[in-house]
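Listed below, chain by chain, are the residues.
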Amino acid sequence: MLPLTPLKRLKRRTKRLVRQPLIWGLIAWVFILCALGNYFLVGLHESWTYFSLFCAMAAMTLLGWTIGSSGNAGAFGDLLRQAIDVLPEARLITARDGTTVYANPGFHRLLPTQPGKPELSGILDLLDGEAAQVEFKRLRANAQVGIGDHGEFPLLLDDGSREWRRISVVPLRKPIGFSLWLTRDVSARREMEEAQRKEFRQTFDFVDNLPVGFFSSDQNGRFRFVNQTLGDWLGINPEMARATGMGLSDFVLEMNEGVEGVMSLKGAGGQPFDVYVRQTELYDAKGHFVHNRCIVLRDGIEQGDITPRRVQTTSHKATLGYDPRVRWLFKEAPIGIAVLDLDLKVNDCNRAFLKMLGRHQEAIVGRPLFDQIKAENHEDASRQLEKVAMGVIAAVRFDVQMATARGRILTISVFAGHMEDETGQISGLVLHFIDATEQRDLELQFTQAQKMQAIGQLAGGVAHDFNNVLTALTGFCEILLERHPKGDPDHQELQQIYQSGNRATDLVRQLLAFSRKQTLRPKIVDISEVISDLSSMLNRSLGETVQLRIEHGRDLKQIRVDTGQLEQVIVNLAVNAGHAMNGEGEVIIRSANADVSEAIEQAHDTMPPGQYVLIEVSDTGCGIPPENLTKIFEPFFTTKDVDKGTGLGLSTVYGIVRQTDGFIFVDSVINKGTTFSIYFPAVDDAQVPKKVDKKQPDLFDHADLTGTATILLVEDEDPVRLFGARALSAKGYNVLEASSGDMAWEIVQKQGDNIDLIITDVVMPGMKGPDMVELVRARLPDIKVIFMSGYAEDVIPEGIENDPTIHFLPKPFKLKDLAFKVKDVLGEV
């Protein structure tokens, strides 16, 4: 015998190997385990399962061949049946006529047909609905002609539950006419898809019925989606708007160039209305444009504008907002949304609502909504919500005040509508919350500003005119007092006139302080020194039965204020405190550094964070009623008797503090007392001089106020001009008089080289004082100027305010004030 070549030996060993049943059995079980693993591992495609099953069946066939060739065919059949029975998927093999050849236990578990009835006919009995039966008959007909197909079918089980099965049929080539039916339970997936569809329907209902407009558009601005609210505003059908390629630009009448996003749109019936449009561009992960998402807020939404439409799709009316899976709208909505039951408890709320109140979900959900609403709003809010809950009205709008976690009070506009269950019964409420605090504050501030501006303009105008009168009155009185010294029979009467003029001057100063048009001379001061200097005078003013206690803070920062005005503020508050205690009690003045880390709001003022110096003036008096707290800083408001107060004290304090860039707040408790807190901005240490200037000594009684310079006096008020000319002439000056800016310019053209100083009013008919000075400066660039004015608002125009040759003299001024100012400007003091 010839020896075997290596190739022949390999072929012989291979034949022996393939005839070993153990080998094919192991291969079959490996592929069966792979099929099981692919089936249970989420994310693997089902084709891998089918491939593994095919390989397993092929291995089983070879296993049968090897066993059959060795006389073990019966063992092969049992082994093959056991391998298929353990598969989790339902397996059914049918002949061409539909009779069952084989059905594994998984089939009867997933498709519990009646015993003794053909499986395919039993499946028809399980299907829920005629449409499902028609679809399965089509599937069965395809199988009879050798066409593979699949479908998903609803089953109505004996216990009344409804489940879904995916049924696939695959024709077998050998033997011809046989088909393999595969069945899987897809109930969980179908339930998830139904929940998603329900979620999308609820989402669109939310978007459609929000009290704001919403639309999405492509890059060209064409509508892709328009909610019903915006469609109603524009008078269009949302579906038609999208189908016809409309865009928001088709409705824009006017754009507000000053404020981005504000525009005027053409509404239903051609009526224009103002909106604010907020746009967000969305891109995918690769940076490709997806669409524009835009929210439209309408200006001036009133209750009549909100007419929610009843949702007609009964399949999803009941759970509007209750389904916790409706999360994306809650998260993305720019306004707060809360879902309430009929007991007005919060069942759910979105992120915007939590952020609005600064609270965690646990502090809101499951609790009554009224826990978040101020008590004084409970009655009105309850009445409005009851109307909606009872179906009296479909929706309502009302305002409430809600406190944040940090104690800030918000003004909230609430839009409330109801939800219905499957039977059409009202099952709960949906509330939309819009923070209107800033808008309401702006409205109140605007109203207050208009009122204060009107009063301020009146006060400033009256003060300006009075100052001219008082300048002449007190000025001529001073001239007469010089001619009639003490001992003269007329001196006492003249002195009474002069003192009355001074009292009128103080009243005008209060009007100017309120209107913030007074002239301030701020400088850096130590508040402790100012308060200490006032202590003696305050003790005398308060009387013996009122105790004054002063508490200075340590290491106080310095402030920049007009010392005289600051003294007036402290004196006014201290005297008011004494009056509030009816002559008995204690007045406390405290000072301290204040590091304000968050904005402080009260009434119409908001103080920003920063470094401040705090002055508190407290009393132990009767307190201020809450209804008066918002009025106490208004001019002419007083609770005193007619002859015991002008009502300008606190308004003067408020005007001085605000003109100095400070803030004043008040806290009061009835029968316990009141505290006024004044915050002045602290001066940086780098700006504080090493030695703070002390008050200048009065030089009037010691300085020589005479002179020989030539002065051009420009004043349209004849009495003021006459007094000024006589006063300066009496001091030796050569005075040239002009009653207008035009006349002054003519004098300058003729005698300009001889003029040393110009004293001019600011506001005059024709050419104003600043305009005249600008014209004169073109010819006499070094000329010195003193502006006179009854108030400081129009003193020096912008551009020359820092000119060292420009000076200011406020009216009313005394004879010595005028003479000293002239001497000082000419550099002769």
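Residues numbered from 1 in each chain as written. Predicted model: local features only at pLDDT ≥ 70, side-chain atom pairs only at ≥ 80, totals over all residues. Heavy atoms only, no water.

1. Focus: the overall build of the chain
Piece 1. Helix and strand content of the chain: 23 helices and 30 strands.
Piece 2. For the chain, buried positions account for 43% of its 829 residues.
Piece 3. Within the chain, residue pairs in contact and separated by at least 24 positions form 57% of the contacts whose partners lie at least 6 positions apart.
Piece 4. Split by element, the accessible area of the chain, about 44,800 Å² in all, is 53% carbon and sulfur. (Helix = DSSP H or I, 4+ residues; strand = E, 2+ residues; numbered from the N terminus. Buried < 20%, exposed > 50% of the residue type's maximum accessible area, 1.4 Å probe, protein only. Contact = heavy atoms within 4.5 Å. Areas by Shrake-Rupley, 256 points an atom, 1.4 Å probe, with all protein chains shown as cover.)

2. What to know about the packing of aromatic side chains
Piece 1. All told, the structure shown has 10 aromatic pairs when counted by the stated rule.
Piece 2. Here the aromatic rings of F136 and F153 are separated by 5.8 Å at their centres, their planes lie at 80°, and the arrangement is edge-to-face. Here F136 is found in helix α7 (residues 130-144), whereas its partner F153 is found in strand β3 (residues 149-156), with 17 residues between them in sequence.
Piece 3. Of the residues examined, F136 reaches a relative accessible area of 0% and is grouped as buried.
Piece 4. Here F215 and F223 contribute two aromatic rings whose centre-to-centre distance is 5.2 Å and whose plane-to-plane angle is 75°, an arrangement assigned as edge-to-face.
Piece 5. A connected cluster of aromatic rings, assembled from ring pairs, spans F136, F153 and W181.
Piece 6. The lysine or arginine in question, R190, covers the ring of W164, its NZ or CZ lying 3.6 Å from the ring centre. (Phe/Tyr/Trp six-rings, centres within 6.5 Å; stacked < 30°, edge-to-face > 60°. Lys NZ or Arg CZ within 6 Å of the ring centre and 35° of its normal.)

3. Focus on the nonpolar core
Piece 1. Of all hydrophobic cores here, the largest spans 39 residues; its most connected members are L566 and F676.
Piece 2. Considering every element that reaches this core, the biggest residue donor is helix α17 (residues 563-580), with 7 residues.
Piece 3. One finds L340, F370, M402 and V414 within the second-largest nonpolar core, a separate group that totals 27 residues. (Core = buried A, V, L, I, M, F, W, Y, C linked by side-chain atoms within 4.5 Å.)

4. Brief notes about empty space enclosed by the protein
To locate leftover empty space, one rolls a probe as large as a water molecule over the atoms.
Piece 1. Overall, the coordinates contain 3 cavities of 30 Å³ or more when judged by the stated rule.
Piece 2. If you add up the space inside the largest cavity, you get close to 50 Å³.
Piece 3. Taken together, T94, A95, R96, G98, L120, R140, A143, Q144, S179 and W181 make up the full set of residues lining the largest cavity.
Piece 4. Of all the secondary structure elements, the ones that give two or more residues to the lining of the largest cavity are α7 and β5 (179-185).
Piece 5. Ranked by the residues each element gives to the lining of the largest cavity, the list is headed by α7, at 3 residues.
Piece 6. In terms of residue class, the lining of the largest cavity is made up of 4 nonpolar, 4 polar and 2 charged. (1 Å grid on protein atoms, 1.4 Å probe; cavity = no way out; pocket = protein on both sides within 12 Å on 5 of 7 lines; lining within 4 Å. Points joined across faces, edges and corners; volume = space filled by probe spheres on them. Nonpolar A, V, L, I, M, F, W, Y, C, P; charged D, E, K, R; others polar.)

5. What to know about the pattern of salt bridges
Piece 1. What the rule picks out here adds up to 21 salt bridges.
Piece 2. Between R162 and D128 there is a salt bridge; the shortest N-O distance is 2.7 Å. Highlighted residues: R162 in strand β4 (residues 162-171) and D128 in the loop between α6 (119-126) and α7, separated in sequence by 34 residues.
Piece 3. Judged by relative accessible area, which is 47%, R162 ranks as partly exposed.
Piece 4. E737 is the salt-bridge partner of R721, the closest N and O atoms lying 3.4 Å from each other. Separated by 16 residues along the polypeptide, R721 in helix α20 (residues 718-730) and E737 in strand β27 (residues 734-738) bring together distant segments of the chain.
Piece 5. Look at E737 and you get partly exposed, because its relative accessible area is 38%.
Piece 6. Shared partners join several salt bridges into a network, and the residues in it are R549, E551, E586, R590 and E616. (Salt bridge = Lys/Arg side-chain N within 4 Å of Asp/Glu carboxyl O.)

6. Thoughts on helix α21 (residues 741-751)
Piece 1. Inspection of α21 places G741, A744, W745, I747 and V748 among the buried residues, and these make up the whole buried set. On an axial view of α21, the arc spanned by its buried residues comes to 160°, and they lie on one face.
Piece 2. Tucked into the core, α21 has its buried residues touching β26 (710-714), β27 and α22 (769-779). (Arc of directions from axis to C-beta.)

7. Structural notes on the packing of α20 against helix α23 (residues 815-825)
Piece 1. As a packed pair, α20 and α23 sit with axes 10 Å apart at the nearest point and diverge in direction by 65°. In the crossing of α20 with α23, the sense of the turn from one axis to the other is right-handed. Along its contact with α20, which presents F723, G724, A727 and L728, the element α23 presents L815, L818 and V822.
Piece 2. Counted by class, the contact of α20 with α23 contains 6 nonpolar, 1 polar and no charged residues. (Axes fitted to C-alpha atoms, helices over the stretch in contact; angles between N-to-C directions. Left-handed = near helix turned anticlockwise from the far one by under 90°.)

8. Let's talk about the side chain of S216
Piece 1. Following the sequence through the fold, S216 ends up in strand β6 (residues 213-217).
Piece 2. Beyond its immediate stretch of four places on either side in the chain, S216 contacts R222, F223, R224, F225, H291 and N292.

9. Some details on the sheet that holds strand β28 (residues 757-761)
Piece 1. Across the sheet, 5 strands lie side by side as β27-β26-β28-β29-β30; this open sheet has parallel pairing. Looking at the sheet topology across the chains shown, the edges are occupied by β27 and β30 (806-810). Averaged over all pairs of adjacent strands, the angle between strand axes in this sheet comes to 20°, irrespective of strand direction.
Piece 2. Pairing geometry for β26 and β27, over 5 bridges, is parallel. For I711, the partnering residue across the bridge sits in β27 and is V735.
Piece 3. Each of β26 and β27 is contacted by α21, which is oriented at about 135° to β27, the strand it contacts most.
Piece 4. Running at roughly 155° to β28, α22 makes contact with β26, β28, β29 (784-789) and β30 of the sheet. (Pairing = 2+ DSSP bridges.)

10. Examining the sheet that holds β5
Piece 1. Taken together, 5 strands build an open sheet; the order of strands is β2-β1-β5-β4-β3 and the sheet is antiparallel. The open sheet has two edge strands with one neighbour each: β2 (100-103) and β3. Going from strand to strand, the sheet's axes swing by 25° on average, the running direction of each strand aside.
Piece 2. The pairing of strand β1 (residues 90-94) with β2 spans 3 bridges and is antiparallel.

11. Focus: the confidence of the model for the chain
Piece 1. In the predicted model, the chain carries a mean pLDDT of 76, and 72% of its residues have values of at least 70.
Piece 2. Every residue in residues 300-326 scores below 50 in pLDDT, and together they form 65 contacts with partners more than four places removed in sequence or on other chains. (pLDDT = per-residue confidence, 0-100.)

12. Quick notes on the side chain of H432
Piece 1. Relative to the helices and strands, H432 resides in strand β16 (residues 426-435).
Piece 2. With residues near it in sequence (within four places) discarded, H432 still touches L210, P211, I335, G336, I337, S413, V414 and F415.

13. Brief notes about the pairing of strand β7 (residues 223-226)
Piece 1. Note: β6 against β7, 3 bridges, orientation antiparallel. Bridged to S217 within β7 is F223.

14. A short note on α17
Piece 1. When the terminal C-alpha atoms of α17 are compared, their 26 Å separation across 18 residues agrees well with the 26 Å that a helix rising 1.5 Å per residue should span.
Piece 2. Looking at α17, one finds that the buried residues are T563, Q565, L566, Q568, V569, I570, V571, N572, L573, A574, A577 and G578.
Piece 3. Directly after α17, the chain includes N582, whose backbone phi takes a positive value near 55°. (Expected span 1.5 Å × (residues − 1).)

15. Some thoughts on unusual backbone geometry
Piece 1. A cis amide bond links K811 to the next residue, P812, at an omega of -5°.
Piece 2. Topologically, P812 is positioned in the loop between β30 and α23.
Piece 3. Positioned with a positive phi, D555 is a non-glycine residue whose angle comes to about 50°.
Piece 4. With respect to the element layout, D555 can be found in the loop between β18 (546-551) and β19 (559-561).
Piece 5. Classification of D555 as exposed rests on a relative accessible area of 73%.
Piece 6. Even without being glycine, N671 reaches a positive phi, approximately 70°.
Piece 7. Mapping N671 onto the fold places it in the loop between β24 (663-669) and β25 (673-681).

16. Digging into the environment of A103
Piece 1. On the secondary structure map, A103 appears in strand β2.
Piece 2. The spatial distance from the C-alpha of A103 to the C-alpha of L180 is 9.8 Å, given a sequence separation of 77 residues.

17. Side note on the packing of α21 against α22
Piece 1. The interhelical angle for the contact between α21 and α22, taken along N-to-C directions, is 10°, at an axis separation of 10 Å. Between α21 and α22, the crossing angle belongs to the class labelled roughly parallel. Of the residues in α22, those touching α21 at G741, A744, W745, V748 and Q749 are M772, L775, V776 and R779.
Piece 2. Of the residues in the contact of α21 with α22, the class split is 6 nonpolar, 2 polar and 1 charged. (Parallel < 35°, antiparallel > 145°, perpendicular 65-115°, else oblique.)

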